[in-house]
Structure formats: structure tokens, C-alpha cells
Amino acid sequence: MSGDWQAAAPEAPFWSMQPDPSAPVPVSTVVMIQATAQGIRAKAEYRLPEPAPVQIEDVTQFPGAFLVRPASATGRLPLIIVLGGSEGDDHTARGIGPQLAAEGYAVLGFPYYSPDRGRGPAIAGLPSVFAEIPVDRLEEVHRWASTDPRIDVNRIGIWGQSKGGEFAIIAAATYPWLDAVAAIVPSDVVWEGFGSGTIERTGTPSFSLGGKPLPFVRYGVPGRARDSKDTGRAQYPQDVAAALIPIGRFRGLLLVAGGEQDRTWNSAGMSQSITQRRKDSGLPTVSLVFPDAGHALVGGSLEPVDVSRGGTVEGNGAAQKAVWAATRELFRTAWPARRE
Amino acid sequence: MLMAPVAAPPARAQVVDVTSRKPDPITGAPRVRLTGFPANADVEVSFIRTPPDGLPPSFRATARYRPGRMDR
């Protein structure tokens, strides 16, 4: 067998797709399957699964925030707070939020950074520089959740990716009211801040806590690619020692996932570091490290993968599926029986 | 007298979605079976879709198989 996919996985033809302007244009909810041999041609159409119905509403207490719940939900549901990465705004939460909510949870899309792409922040009220983001904002979320009759404030978790994974790990080490945290391509340390456009580094940390800047690791060589972090880590070992997030404090369930071919930062190594530090504290971690995957480990398994931030098509495709399966399992394990 | 062999009528080539029998439990991806193609022939299979906004260009993934029954 040869071609765009070789994995014996039913979703492989989906995540290995590449743009092809010459291909026929089926309607967007249908996948056309064509088979040809020796002039014989057959085809079929596959209708993509309908997304599970959810209800989405703005949460006006927080800029750009929104709550997603299963359309048929009644009663109090566990809450998952979604923290996106350096892409900012609500892009990641709009994608993963309905997917998580369909599993039977309330999901809070919680933007906390809105980069200035030339016309100011897309979400008014959010910082456009990723510096000293107050982790304490999650305490406000906790208070808000305790007043909403649709949320079980005793069952709260976080899903975060990339910078949101760094945020999630800090939160896990800080707030004992968190039951479960999924940190995808996360960090084991607090990194230096950065900004939109030309602000490559701020000289201040990405996050603050209790009104104080957290110790952070400076970047090394110029740029925002992985080598700026790898060289920073190598050049400033004293920074690393001070900036390590004390994840051994977190008593809840933790999932981390990283790709060894990550071009944004060393998510595999940092996932392993988190896992080791937990182990040193006698705590388990669900740790997924993918040799052939990069930074983009999140997405619907039937969507084409993104290899622009590292990894192979097949590596990222297989990782996406495994990460989603582990994410479902994490929250199901955290809150097994009482889903209302 | 030699009789020319009579070729059996070719089986009708089909692409069959067998999702309802064995759906992938995590992704819901279809399982597809190709039937009726000539044995020992390379079969080229393409999956084509448009992006979520329904606008071109389409996306395509193509692979070639040989021979016989193929489940993916």
C-alpha cells in the first residue's frame, strides 16, 4: 500500500487529507470516496457525523467567555474550564468546547489573552501582551461557578493546551478544588512573556499569582521557535530551578501529552519532567509522548492534521486520536457516576 | 473445434460503507470495503471533502492498494 496514508486506521484517510483545488467539490457534510482500477470506477458518499447538539451562551462576567452544555442537559454538571494557547482569543475553546460538552459536561470557554493583529485586541478587556496573566482569575471563575445552579462546583477540571497547558499546570499546583487537569503540549516551567507583532519577549513572566510575577525562564536565541526556549533553558539553569511549577502538590488526576517533533517547544520533554516530578511525590500521571508528533495534538480525528508545528501526518493523526481518547477517559474517571 | 473461453461477467465494483457494522468507537470514522475490483490490480482510493465552510478547494487523500478485500 502506498499513498497519503498507510496506517490501518479508519480515520487515516481523513487526517491525511491535503488541499486539492482540482478535486470535485462535494457538499461540506459529505465525504466522497472514489475507487478506481483498470478503468473500473466506483464511488460512495459518507456523511460526516453530526456534531452532538449543545447550547452555547455568553458568560458576561468574563470578556469573551462562553458556556457550552449538552442541549438536553438538566441539573448540575461538572465544569471543564478551557484555556487556549498563544493563538489567543476563543479559537481553541470554540473548537474543543462543544466536543467536551457533548461528553456530558458544562464547558467554560475562558479566553485570557487577545493578541493585537493590527486592529487592537479582538476581545475587549483582555491583555494583548502575554505577560503577567493573573492566574487568580480562576478564583473568580470558581466563585462564579458556585453561583450558577447548572454547575456542580464540587466537580471542576481544566483542559489547556500549549500556553494554556502552562496555565493549567500552574492552576493545578495552586487550587485544590480542581479534580482533573488535561494539559496538552504543556510546560513544566513558567516562561517569559511575549507580545503581539514585534514584541518577541517582555522581560517579565507570562503569568502572575497573587499580584506577584512568578519566577520565569528567559528565552535564549531570538525568535519564537523551539530553539529560543531550548537555548533559554540551557543558558539559564538558575531560572529553570526557580520557575519549575510545583506540580507535585496537585492531588487530582493529571493528563499530559507531548510530541518529540514539536517545533514550538519541547512538549515531550516537559511532559516527561512533569510526570517525573509527580512520581517523585508518589503521584501518578497519565503521560503520552509521541515520537512522530509535533505541537498540534488536538482536533477532531476526521479533520486534516496540522504539520506546520512539527510531526508527521501519520504521527499527528494517531496522536490526535490517542489524546482525545485519554482526555475522555480522564474526565470520566474523575467524575464517573453522577452525571445528571 | 476450439471454443473461445467465455469470460465470466465482471463483478460490479462497489465501495461499501460498513460503518453501521463496525464503527470506530472513538472517532466514528467509516469502515469502507471495496468489492468487485479485479484481483491483483492496483486500486486507487480517494477520500475527498470540502473544508468546514463548504468552500473550495477540496481536500483529498489518496492511497493505492492491492489486491482483494480491503477494510479501512
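Preceding block: the structure.
Residues numbered from 1 in each chain as written. Chains lettered and ligands numbered in written order. Predicted model: local features only at pLDDT ≥ 70, side-chain atom pairs only at ≥ 80, totals over all residues.

Trainee: Would you mind showing me how to read the overall build of chain A here?
Mentor: Helix and strand counts for chain A come out as 8 helices and 17 strands. Here chain A has a C-alpha radius of gyration of 21 Å; the compact-globule value for 340 residues is 20 Å, and the two agree. Across the 340 residues of chain A, 50% fall into the buried class. Of the contacts formed within chain A by residues at least 6 apart in sequence, a portion of 61% connects residues at least 24 apart. (Helix = DSSP H or I, 4+ residues; strand = E, 2+ residues; numbered from the N terminus. Rg over C-alpha atoms; globule rule 2.2 N^0.38 Å. Buried ≥ 20, exposed ≤ 12 C-beta atoms within 10 Å, placed from the backbone. Contact = placed C-beta atoms within 7 Å.)

Trainee: Got a minute to help me understand the environment of Ala-13 of chain B in this structure?
Mentor: You can see Ala-13 of chain B is positioned in the segment before strand 1 (14-17). Accessibility expressed as a C-beta count within 10 Å gives 19 for Ala-13 of chain B, which makes it partly exposed. Separated by 21 residues in sequence, Ala-13 of chain B and Leu-34 of chain B place their C-alpha atoms 7.4 Å apart. Leaving out residues up to four positions away in the same chain, Ala-13 of chain B has contacts with Ile-40 and Ala-42 of chain A together with Gly-36 and Phe-37 of chain B.

Trainee: In this structure, what is going on with the sheet that holds strand 11 (residues 151-161) of chain A? I would like to understand it.
Mentor: Residue and element names in this part refer to chain A. Pairing is mixed in the open sheet, where 8 strands are placed in the order 5-6-8-7-11-12-16-17. Only two strands of the sheet have a single partner each, and these edge strands are strand 5 (54-58) and strand 17 (286-290). Across this sheet, the average inter-strand angle for adjacent strands is 15°, counted without regard to direction. For strand 12 (residues 178-184) and strand 16 (residues 253-259), the ladder comprises 5 bridges, and the chain directions are parallel. The partner of Val-181 across the bridge, within strand 16, is Leu-254. (Pairing = 2+ DSSP bridges. Axes fitted to C-alpha atoms, helices over the stretch in contact; angles between N-to-C directions.)

Trainee: Just checking my understanding: could you explain the interface of chain A and chain B for this structure?
Mentor: It is common to give the size of an interface as the accessible area lost on bringing the parts into contact. In this complex, chain A contributes 41 residues to the contact, which on the side of chain B involves 39 residues. The set of elements that each furnish at least two residues to the side of chain A that touches chain B consists of strand 1 (2-3), helix 1 (12-15), strand 2 (18-20), strand 3 (30-37), strand 4 (40-47) and helix 8 (313-334) of chain A. With 7 residues, strand 3 of chain A is the single largest residue contributor to the side of chain A that touches chain B. Classifying every residue of the side of chain A that touches chain B by side-chain character gives 27 nonpolar, 9 polar and 5 charged. With 5 bridges joining them, strand 3 of chain A and strand 3 (residues 43-49) of chain B adopt antiparallel strand pairing. Residue pairing for strand 3 of chain B: Gln-34 of chain A is matched across the bridge by Ser-46 of chain B. (Nonpolar A, V, L, I, M, F, W, Y, C, P; charged D, E, K, R; others polar.)

Trainee: Sorry, what's going on with unusual backbone geometry here?
Mentor: Trans peptide bonds make up the majority, and among non-glycine residues the majority have a negative phi. Residue and element names in this part refer to chain A. In this structure, Gln-38 takes a positive phi of about 50° despite not being glycine. Here Gln-38 shows up in the loop between strand 3 and strand 4. Given 12 C-beta atoms within a 10 Å radius, Gln-38 is considered exposed. Although it is not a glycine, Ser-162 sits at a positive phi angle of roughly 60°.

Trainee: Help me understand the pairing of strand 16 of chain A, please; the structure alone is not making it clear to me.
Mentor: If a strand is regular, its side chains alternate between the two faces of the sheet. Residues and elements named next belong to chain A. The buried count for strand 16 comes to 7 of 7 residues, which makes it a mostly enclosed element. Going residue by residue along strand 16, you find Leu-253, Leu-255, Ala-257 and Gly-259 tucked away on one face and Leu-254, Val-256 and Gly-258 tucked away on the opposite face as well. The sheet contact formed by strand 16 and strand 17 spans 5 bridges and is parallel. Residue pairing for strand 17: Val-256 is matched across the bridge by Ser-287. One crossover worth recording links strand 16 to the parallel strand 17 by way of helix 7 (residues 267-280), and it is right-handed. (Right-handed = clockwise from strand over helix to strand, strands pointing away.)

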